[in-house]
Amino acid sequence: MERLTKTVMSSRPWRFVTEEDLGCALGVPSMLNREEAQFYFWLAHRMAHVSGSMVDLGCFVGGSTAYLAAGASARRERQRPRMFAYDQFHASPKVKRRQLYAKGISQFDGQDTLPLSKALLSPWSDQVVLRKGRIEDSTWSDGTISLLILDASKTSRTMDMMAQTFFPHLVPGISVIVQQDELHWKEPWIAAQMQRLRACFEPLCYVPGGTVAYLYTRRVAPDLLRARQVHGLSDDRITRALANSAERLSAFGVKHKLQRQINALRLNPGQRKSWRFRTWVPEIAESPQRIAAE
Ligand SMILES: C[S@@+](CC[C@H](N)C(=O)[O-])C[C@H]1O[C@@H](n2cnc3c(N)ncnc32)[C@H](O)[C@@H]1O
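This structure is a prediction, so every number in the text was calculated from the model and none was measured. (Residues numbered from 1 in each chain as written. Predicted model: local features only at pLDDT ≥ 70, side-chain atom pairs only at ≥ 80, totals over all residues.)

Novice: Even after reading the chapter, I still don't get the pairing of strand β2 (residues 83-87), so can you show me in this structure?
Specialist: Two faces, one strand: in a regular strand the side chains alternate between the faces of the sheet. Taking burial as the measure, the 5 residues of β2 include 5 buried ones, the bulk of the element. In β2, alternate side chains face the same way, and those of Met 83, Ala 85 and Asp 87 on one face and Phe 84 and Tyr 86 on the other are all buried. Direction of pairing for strand β1 (residues 53-57) relative to β2: parallel, over a ladder of 4 bridges. By the bridge assignment for β2, Val 55 is matched with Phe 84. As defined by bridge partners, β2 adjoins strand β3 (residues 128-132) across 5 bridges and the pair is classed as parallel. Bridging across to β3, Ala 85 finds its partner in Leu 130. (Buried ≥ 20, exposed ≤ 12 C-beta atoms within 10 Å, placed from the backbone. Helix = DSSP H or I, 4+ residues; strand = E, 2+ residues; numbered from the N terminus. Pairing = 2+ DSSP bridges.)

Listed below in structure tokens is the structure:
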């Protein structure tokens, strides 16, 4: 099978994943858009033979995990990869209403979503382990990680802590990480982190929405990870990292998204929690000329 490279991924081959392929994973509520779902399926299918576990940080009720599990199962390897899905498995009444009941889940009491997630992921229960709690307080002792999905980097501090726990278990030249919200305007620390760790991660592709995937290329020592933490950096230093990231990722046509993050930080100075970004920052049309002028 072809190696995962920027060239292979530039034609977005995952768009050929059909609704039929996604199958019963479509029944698990998810915040992913359709192309992201296709990408998760495709990537897990491509990587199912690679030794190591697949780890989904911030699975909500398991939508992303279901796409990964469906993709890996479709490969029919004798031994399927183990999957570990982390979340606090807690949903407020508003989240229940908007993200669960609106998507066909029957009403239930309380805010604990672990029983619901277990039921929704039952087709893949032999593969998937659910871990409830604050991810930044977790430890990892389950061997190497082939695929790491990050969708819970809601503060710069917890993002740094998650990197300290999980990045040392990636395998150079093999492991892939997916930064689900790298280009979300309220989470500018993710692109800054990936820029500061550029010696260890090579950009592979952008999936429309806000996702960027990377190949892990060189071992990231724990002291380097500590030295490259984003929490504690000034807005100026984060802004500089974002501007450099815009150059590095320019082939993906996402400069406007990084510029939006720079603008968001300017309008929300010192903010390091995504839910506290108060000042709305409008979308910027995809236009290199406009970025250059800004
Ligand atoms: C955007 S949602 C994930 C969407 C999911 N991947 C899907 O397919 O629908 C982010 C999730 O991260 C979880 N989360 C955020 N910060 C967390 C933390 N520090 N510890 C545990 N879970 C966290 C939230 O509970 C939420 O379910």
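Novice: Would you take a moment to explain the site of the ligand for this structure?
Specialist: Neighbouring the ligand are 17 residues, the closest being Gly 58, Phe 60, Gly 63, Ser 64 and Ala 152. Taken together, the residues that form the shell around the ligand break down as 6 nonpolar, 6 polar and 5 charged. (Near = placed C-beta within 6 Å. Nonpolar A, V, L, I, M, F, W, Y, C, P; charged D, E, K, R; others polar.)

Novice: Would you explain the packing of helix α8 (residues 188-196) against helix α10 (residues 235-248) in this entry?
Specialist: Helix-helix packing: each pair is described by the crossing angle between the helix axes and the interaxial distance. For the pair α8 and α10, interaxial distance at closest approach is 8 Å and the crossing angle is 70°. Considering the angle they form, α8 stands roughly perpendicular to α10. Facing α8, whose interface residues are Pro 188, Trp 189, Ala 191, Ala 192, Met 194, Gln 195 and Arg 196, α10 presents Ile 238, Ala 241, Leu 242, Asn 244, Ser 245 and Arg 248. Looking at the contact of α8 with α10 residue by residue, the classes come out as 8 nonpolar, 3 polar and 2 charged. (Axes fitted to C-alpha atoms, helices over the stretch in contact; angles between N-to-C directions. Parallel < 35°, antiparallel > 145°, perpendicular 65-115°, else oblique. Contact = placed C-beta atoms within 7 Å.)

Novice: I tried to follow the sheet that holds strand β7 (residues 211-216) on my own but got confused; where do I start?
Specialist: The strands making up a sheet associate through backbone hydrogen bonding, with each pair oriented either parallel or antiparallel. Judged by pairing direction, the sheet is mixed, and its 7 strands sit side by side in the order β3-β2-β1-β4-β5-β7-β6 without closing on themselves. At either end of the open sheet lies a strand with only one pairing partner, and these are β3 and β6 (201-207). When the angles between neighbouring strand axes are averaged without regard to direction, this sheet yields 15°. Along the sheet face, helix α3 (residues 34-47) touches β1, β4 (145-150), β5 (176-179), β6 and β7 and points at about 170° away from the line of β4.

Function cannot be read off these values alone, since they describe shape.
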